[in-house]
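# Topology and contacts: notes
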Amino acid sequence: MDVSGTFVTVTGGGQKQDLEPVFHMGKTYLYSYESIIVHGFPDRSLAMAGVRLTSQVEISRVSHSDHLLQIGSPKLEEHNGFWPTDPFIPSSRLSETIAACLSQPFKVSYTSQTVFFDLFIAVSSGKFTVFNQCLQAGIEGICQTRYVIQDDSKNNRATISKSKDLTDCQEKAVENLGMAYIRPCPTCPLKEKNIKGTVTFIYQMKYGDSGASLTSAMSDQVYQISPFNEPNGAAVVEARQQLSLVDVKRSPISAPTSQLQNQGNLHYNFSGELPQMPIPLVRIKNPDLQLTETLRQLVQNNEKGATKEASAKFLQMIQLFRVATLDQIESLWLQFVNELPYRPWFLSAICAAGTTDTFRFLKQKIHDEKLSIWEAAATLPLAFHFVTPNKQTLEIASTFLTCPQIQKIVLHRIIVYLGYGSIVNKYCAQAVLCPNEPLQPLHHLATEATNKGDAKDMSLALKAIGNAGEPASIKRILKFLPTFSSAAASLPNRIHADALLALRKIARKDPVKVREITLQVFMDSTLAPNVRMVACVVLFETKPALPTVAALASSLLTEPSLQVASFAYSHMKTLAAGRIPQLYKLSAACNVAIKLLGPRLDRLSYRYSKVIQISDYSSQYQAGAIWRVYLMNSPSTMFPSDIITKVRGYYANTATDIIEVAFRSQSLIQLIRKQNIPFAEYETYKTLKELGKLLLGWKELPPEDPLISAYIKILGQDIAFVDVDKDAIQQMMMSLTGSSNWQPVVKKVVEEVQRGISGRWALPVMVGEMRHIVPTIVGLPLELGLCGAVVAQAAADVDVKVSPPVSENFRPSQLWEAKVDIHADIRPKAYFHTIAMMGINTQYFQSGLEFRAEFSANTTMKFDARINMKEKNLKIETLPCHQEAELAAVRSEVYAISRNMEEEDSEKKSQLLPKGEIPSISDHLLQSKEGSSRPGSWKQRSILNVISKGYQQGSEEAHHNSAGRRFYSRRFCRKFESLGCSTCLSIKSRNSAFLRNTYLHKLFGEFEAKIILKPVRTDADIEKIQLEVQAGSKAASKIIEVSSSGSKEEGEASPYEDIQVKLKKILGIENVFTAANKTRRRTKRINREYKNADTGLWAEPSASHLSSSSSSSAASSADGKEPGNHHRTNEIRQSGKKRGSKSSSRSSSGSSASSKACSSSSQDHSGDRHCSGDSEYSNQQANAPVYQFLFKPADEQDPGGEILNISISSSSSSASDEGISRATSQPKFLGDSKPPILAAVLRAIHRNKQPTGLQLVLYTDTQPKRWRIQMFGSSITGPSRWKLCADASVINYRRVSGSLKWGKDCQDYHIATRIATGQFAAYPAMQMKLEWLKVPSIIRTTARWLYSFLPGAAYVLGFSQRQQLGPSHQATLVMALTSPRTCDIVFKLPELTIYDTAIRLPLPVPSHPGIPISTLPSSDWKVFSQATLSIIGSLKGHCTVFQNKITTFNGVQFNYSMPANCYHVLVQDCSPELKFLVMVKRLKESADLKAINVRLASHEVDMYVSNGLIQLKINGVQAPRDLPYTSNSAASMLISSEKKGLALKAPDYGIDKLYYDGHRIEIQAAFWMAGKTCGICGKYDAEVEREYQTPGGYLAKDAVSFGHSWIISEDPCAGACKLQHKFVKSEKPVSFEKTATKCFSVEPVLRCVKGCLATQTVPVSVGFHCVPADSALSLDGQPRLDQKSEDVVSSVSAHTACSCQQQACPA
């Protein structure tokens, strides 16, 4: 009983009364005590579990502060069942055990805590009431306490009441196990907590002259637990206790004779040992014998396939290991070490136990090499995850790091270091101040790796430090960041990124410091873009405030790297759209920041880095999740080089990083290039080396080795990572086969397969254990516990024979001639078992609510297969289903349980719901509900409401939430009589949702869902089931052979015509086409009737309109024309005639607007093309919404422009919809002219009867302008007319159509689709149309269910919506290309239209708006492949020089007039390979003529114009006229004629194509050259803000300076170029702080050589470095001015033409 701080001094009416109870010495006060604790729901009609303890308490005072307390006659009673009908049942044995424990008196030291009250609230009739509030310590911690004192001075009595709020307590008494990776939110409001509690105390005092005495005390404590955060969905734990004065004796309690142990203060203390698991109690008498017996039972259950029993025994064994000593564990190991079936169970339980002894045992076995490599690799992660963090286990974990057996295996070493970091993290989470000693091994590894330059160890150390997450490691991490350590600049970029990622967990403890570090790294523009992007990720993990976010956004306005700017902007945009409460402040800050940036960064293309986020949060249930993907592009790659994806979950006021996976690639594209080309041996390599000396400051790029790295994090902890480079791949192949060639690998795989597989495997794992324990006022701990285990089993016996057998000179191509026989018997099985408990869970007794859930999957795959690769035949045979088998099942149940250790066999379990009459559910009720959504039901109310209501009705039928319906049972079966089996889905549910419709009430009860496979009785027994697939020329004969095998006719060889006839008869195709013709005639007859009929959404047509379903789509167009009555139709038709002239004029204007050519905008940094017709299109949209435009197919186009869907009658659209009918309703049987290419037969072979089953035939017809495929399926034998018909065709490139029919002669059900190209509002578009003329009810039900999610999904994705009636059996999607990077989408459903405009495309589509589809070239089927190649080609770098206009690889355009006769570096390979060089110069004869010089390998190619003809020289020799020319080197080069010029192709060098015609030069670079080029064409890195880079990396001020920097100086006497680069001195006087200075350019400027005079100049902007006028710095001696700082920018004249009449050259 909590009596702390209760006794007060009350001042009233001038009198002072002390209410502290007095226990007089020499007397014994006898009290009766009763406590009770119950667990259940607020609704008392459900079962409950509880415990009641009654006893007598004697209190005697022995000194001023010491009291003796004796508890006698304890009696424990258990309640299990329904209150109040079921009584408390005494537990005599457990009462005796408790009495033995309480036989000795307790000594209690009590110090008075007096609280004075001076606030009078009410005084009347000698009574008054006083209120007060304070923080007070108690058993639960220091909590807010409120007092109410009512004093009755007339009767000398006082009542003291106090209440505590247990939700928010300081120094709270709580123990959490298994929740180290769940982060609480300290700033979240208390209302978001799902466990709330309060406690009240009432003390009755009687006072007199001798002092006050305590006559009675009562307390009541309530915990409300809501797992789903539902106000009405909460379970309740209530504890009450009462102490009443019975008598006062004269004799005191005799003092105890034995030594007493100090048990601490009033604050509740938890035991240091692991508590009892939330599983049924196990009476532990002899742990080693019990472990032996349990382990044997486990293996026996596993061999019998009893996974359920094995899972329960496995959890028991974990509990036994937690109490076993090291010697007992060692003894058990020696007993079973040589028995392989026992080892996985033993090792997995050892890991899950997580005690100091089990951890030490595992360390010893690995040290002694008693475990195999794979056993150690499997057990180490589990052991480090489950071990209890304390000083002892931390010391053992540190010895793992130095174990030689661990160090020599790389995989084990990685696991141990990462696991050690995780243990340090969990250990420091419990300590107020974490010591530095546990971090020293990780710091030592980082230092040693740095000294050795070992990048892999650096990465390992950083990831382990990141797992530890301690701020003490920040100084170590800074040594790996170039911003803070100059020595780190030479480290690889991935090490910099790993160092930043290691700060993420540290940010949770010291966010201010991490925020400061990451902000500095992000602002450091000298770092690689991907490093800065990682810094951005970590920065936002610290949840920065608005000033920091605003500063970050402001820096993006001047950010030189668009990769970084795009990533940061995208990240802020996704955060601004978030709805997670824990991120509200960050979301608000980002929302403000992105408004500072404007839409410029929002238009960047796929080439730039992005952040993609999908998140959702339910404020009602206070739960949500975020899935985020970081796409980090590199300047040297076209696609993301770093991809990080993570999932984070939010629940109540906590957050958990569930999983994170990252993939990094570096120069991966080089692996697909042609290898082993000796570029360094070619003349070009040497030439470029010499050329680099002429270009000031030029340096080749550092080498990049191909690398793939990946890591995975679970619950925020790195558990594994891998770095794979080219050498690692070759070493792997060498270790497998002894050769780096891939052919021996194939041979070894085939040999291993031939040996077969045989064995039994078991993998038991405890997947998790989470415990939340708080004290109750009765002294018992209240626990919320959850633990789960999974057992995976597999037994396999596979025998494979390959003929002919593998020979010594094996080649992989021999497999195409082989025959493979496989005999397999595979039996996989999985079982997942979880237990959750709410209640009292001690080693002596358990009482509470227990939830059990299990999932099981069990299958058997026993078959014989024969594969004949040469004959293209596959045959699989298996046995039929002989007995019922459960394939998969999910079960859950909740019980009120009571268990105690003394009476193991008397477990009490009560179902939560009272047993009663189970109401039956008749099928006619289900049918009546299904009929409520018949046609016409939408007329009187909102369309979406009808959909939602219809779905809710189905839901009610499934769950029975109406009053009185507690039980639901349904069975769905599908028979396959021809195969002799059936599949059933059985669902049973019995829950308490009829009381309250909450998730908790739905969960609490019983549920079972299982899939069953059972045999079906047939006329004849089935011997086996056979599947045979025949491809190629023998497909037709296989069908005839199967059909004739059961008939009496003799099958002999027949000519092809006979085969056709037989095949057509066997498949029943004649009946199909006959029925189809009848259907078309009947459709035309009743088409008019069907048009006027209204049908509801997804409704099935009535019998009278069934056959006319194909015409229903013609009643309204696919583009949303609203159907109406006859009067409205006439109105629309008349208005359409009146508006005809307006429509035609609008169409012509739209056509002219759309015919404008697209131009590239230099303002758009994305380099995308934007059409000048965009403004006209936006004007059109302003006049009419996009969903009102009509799609015009390409084969029906008129010369008009856009067509509005406003004034067109519903009947006028039938022509556009009849395209599907024409394409699908008149199929020509391809079997009349083509043999089938594939035949498949699934049959059941009977003993005394011909086979039954299904057969399928596939036909194809490929023509230049048409491609078609047909598939027919039917029964093998019998009179059944059920068939399946599928038909798909591609006509030219304009239309793709298909249909699927099935049923009686393929006429019962019909689905048709069409994809067509055309125009939509004068823009090229594609339309996808789907018609469901009649479908089964299950498809309609599923469609309704999916349809109900569409509005919400469209809203989340940002689409607009409109309720608009359309054809009831048709859905249409139109995608219109408004520019190469944007499109409009209109998605029309029967009752809803979803649309959006200007949607950004990830890839540019090479098409131009306004160009009619019919005018595009080529109508051949190859247009699809051409379109694909066109898209791929648009991704490659294109550089163009035409006249004075230059377009770089990044799409930047500028004007530049080249000085005549001076070679410029147009583009060159700046990688260490130096593969090619392309130079260009303007010929002096004409300003438009250019000459180029190409260096490739040992070739020097000159292309120029002479006498009006294009000339070609190769290595200084005039090339012959008979092109093409092909080189003979290792890397090929092709020169050919193209159009009016020459084309050079050298893909192995990186030049996909170079075109030259004298006036125009076009260069197309290969994918893998991205970021590796330099010159006037740029770096091909998408960084358009840094396009004007000079050879030394300096950013030129204008295009002219940029072009001049790439001029190659020549010998002025031998060459025609008389210009050279020189540093110049500013002629303008400059002064700083009134001090005269002189300034020198930091970049050279073009000047004529000595002896020549400038005849033409051009102004250029140059940066200058200024020094005092008296400084010794001068131009003499050519100082390295390019390394000086830039002080001012000034304009100077650059020479572009020279006159050299006085030039002095040696003779």
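Residues numbered from 1 in each chain as written. Predicted model: local features only at pLDDT ≥ 70, side-chain atom pairs only at ≥ 80, totals over all residues. Heavy atoms only, no water.

### Section: the sheet that holds strand E63 (residues 1560-1565)
Note the following rule: Here, strands pair whenever DSSP counts at least two bridges between them. Helix and strand assignments follow DSSP, with helices taken as H or I runs no shorter than four residues and strands as E runs no shorter than two, numbered in order from the N terminus.
Spatially, the eight strands line up as an open sheet ordered E52-E51-E50-E63-E62-E61-E60-E59, and their pairing is antiparallel. Here the strands that pair on one side only, and so sit at the sheet edges, are strand E52 (1453-1455) and strand E59 (1525-1526). With four bridges connecting them, strand E61 (residues 1541-1546) and strand E62 (residues 1551-1556) associate as antiparallel partners. Paired with Leu-1542 across the bridge in E62 is Tyr-1556.

### Focus: the sheet that holds strand E64 (residues 1573-1574)
Taking strand neighbours across the sheet as the criterion, the seven strands line up as E58-E57-E56-E55-E54-E53-E64 in an open arrangement whose pairing is antiparallel. Looking along the sheet, the strands with just one partner apiece sit at the ends: strand E58 (1517-1518) and E64. Here five bridges tie strand E55 (residues 1490-1496) to strand E56 (residues 1499-1506), and the two strands are oriented antiparallel to one another. Bridge pairing links Val-1494 to Val-1501 in E56.

### Remarks on the state of the cysteines
As a reminder, the rule being used: By disulfide we mean two sulfur atoms from cysteines, separated by a distance within 2.5 Å. Three exposure classes are used, based on accessible area relative to the maximum for each residue type with a 1.4 Å probe and protein chains only: buried under 20%, partly exposed in between, and exposed over 50%.
Applying the stated criterion across every chain, the model contains 10 disulfides. In this model Cys-1462 forms its disulfide with Cys-1617; the gap between the sulfur atoms is 1.9 Å. When the S-S torsion is 90°, as for the bridge of Cys-1462 with Cys-1617, the disulfide is right-handed. Here Cys-1462, found in the loop between E52 and strand E53 (1464-1469), pairs with Cys-1617, found in the loop between helix H39 (1599-1605) and strand E65 (1619-1622); they are 155 residues apart in sequence, far enough to count as distant. When sorted by exposure, Cys-1462 lands in the same class as Cys-1617, which is buried. Across the disulfide from Cys-1652 sits Cys-1700; the S-S distance is 1.9 Å. For the disulfide bridge between Cys-1652 and Cys-1700, the dihedral angle about the S-S bond is near 115°, and by the sign convention the bridge is right-handed. Remark: Cys-1700 occurs in the segment after strand E70 (1688-1699) and Cys-1652 occurs in the loop between strand E68 (1645-1648) and strand E69 (1653-1668); sequence separation between them is 48 residues.

### A look at the confidence of the model for the protein
The predicted coordinates of low-pLDDT regions are not to be read in fine detail. Selection criterion: Summary of the metric used: pLDDT quantifies the predictor's per-residue confidence within the range 0 to 100. Contact criterion: two residues are considered in contact whenever any of their non-hydrogen atoms come within 4.5 Å of each other.
Scored by pLDDT, the protein comes out at a mean of 78, with 78% of its residues at no less than 70. A low-confidence stretch, residues 9-14 stays under pLDDT 50, and its non-local contacts, those more than four residues away or across chains, total 19 contacts. Per-residue pLDDT stays below 50 along residues 917-965; that stretch engages in 60 contacts with residues further than four places along the chain or on separate chains.

### Things to note about the nonpolar core
Defined as follows: What we call a nonpolar core is a set of buried Ala, Val, Leu, Ile, Met, Phe, Trp, Tyr and Cys residues that are connected through their side-chain atoms within 4.5 Å.
Grouped together as the largest cluster of nonpolar side chains are 141 residues, with contacts concentrated most on Phe-321, Trp-345, Phe-346 and Met-572. Sort the elements by how many residues they give to this core and helix H10 (residues 410-430) lands first, with 10 residues. In contact with Met-572, other than residues within four places in its own chain, are Phe-540, Val-549, Ala-553, Leu-556, Cys-590, Ala-593, Ile-594 and Leu-597. Residues Cys-1462, Leu-1489, Tyr-1556 and Cys-1577 belong to the second largest nonpolar core, which totals 77 residues.

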